[in-house]
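# Observations on chain architecture
In case you want the letters, here they are:
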Amino acid sequence: MLLKLAHPFFAVTVPSSGSHLPPQSTNKTKPCLPKAGSSPRRNGTKMGPVDLVFLVEGSDAVNETLFRMTLDIVKDVCNRFPVSLQDTHVAVVVYGTNTQIEFNLRDHYNISKINEALKSVLKPTGVTLAGKALSAVKNNVYDSGGRTIESGVSRVLLHIMCSKSLDDVIAPARVLKESGVRIVAAGSCPESSKVDLCNIGSPPLCSNSVFIRILKPPAVPGKELADKLKEGQSKMCRGNQKK
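Residues numbered from 1 in each chain as written. Predicted model: local features only at pLDDT ≥ 70, side-chain atom pairs only at ≥ 80, totals over all residues. Heavy atoms only, no water.

A ring pair, where both rings are aromatic, is described by two values, the distance of the centres and the angle of the planes. By the definition in use, this model includes zero aromatic pairs. Geometry around Phe81 places Lys230 over its ring, the cationic atom sitting 4.9 Å from the centre. (Phe/Tyr/Trp six-rings, centres within 6.5 Å; stacked < 30°, edge-to-face > 60°. Lys NZ or Arg CZ within 6 Å of the ring centre and 35° of its normal.)

This is how it looks when you write it as structure tokens:
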């Protein structure tokens, strides 16, 4: 069970008025252009191709059990997207002090290959440097292996974190959002920083910042997170098409 502000099934508290929450930049993305044969949503519209990236904290604040449970949630979310050469491409990045790209957007176009690759992911170590990891996602994942927004591809990032970052997350998150990446920031621990989650998640402020209340079975948060990611893509496409 998850998550969010102003939703009966979600429960993220608004950061206090003294928290450092700067105005969020506006994404200037091009319209999403769903392809023929793409997967239908529950409302009957088509979900176009997606470059879907998972960024998972594995610092010393995250024990091995929690890290594996988080990867099980990643696996469940992946299985709810139509992974193929034409549709959803997936990358997984983990971080502590250092950032490790486990596989990139052009590495696997088959869900069984992704599930197999997730089994061999090793937990990182060290402190939480989420800003550094967000920069690596921008430079070494989306910029190097991603498809263009102009081609009708949505860019979506799910960032799952447990502890407060020791470096700045505002600037690297802003750069990602300004490049057309929609970010959902999810806290996997009670001590997850609400301020970091709200600063990282896409606007409106805190509406894409969530807590994962129940980690097991993975299908419980997995379904809600997948729906959240798809819902956001749908809203972004409709909003851009009205411009």
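Once the structure has been displayed, the description carries forward.
Moving on: the sheet that holds strand β6 (residues 209–211). The strand order β3-β2-β1-β4-β5-β6 describes an open sheet built from six strands, whose pairing is mixed. The strands lining the two open edges of the sheet, one partner per strand, are β3 (99–103) and β6. Across the sheet, the mean angle from the axis of one strand to that of its neighbour is 20°, orientation sign disregarded. Where strand β2 (residues 89–95) lies against β3, four bridges are found, and the strand directions are antiparallel. Bridge pairing in β3 places Val92 opposite Phe103. Contacting β1 (50–57), β2 and β4 (154–161), helix α1 (residues 64–78) crosses the sheet at an angle of about 170° to β1. Against the sheet, helix α3 (residues 130–145) engages β1, β2, β3, β4 and β5 (181–187), with an angle of about 150° to β4. (Pairing = 2+ DSSP bridges. Helix = DSSP H or I, 4+ residues; strand = E, 2+ residues; numbered from the N terminus. Axes fitted to C-alpha atoms, helices over the stretch in contact; angles between N-to-C directions. Contact = heavy atoms within 4.5 Å.)

The next subject is the environment of Asn110. Structurally, Asn110 can be placed in the loop between β3 and α2 (111–119). Between the C-alpha atom of Asn110 and that of Leu85, which follows or precedes it by 25 residues, the distance is 8.2 Å.

Spatial relationships are all this shows, so hold off on functional conclusions.
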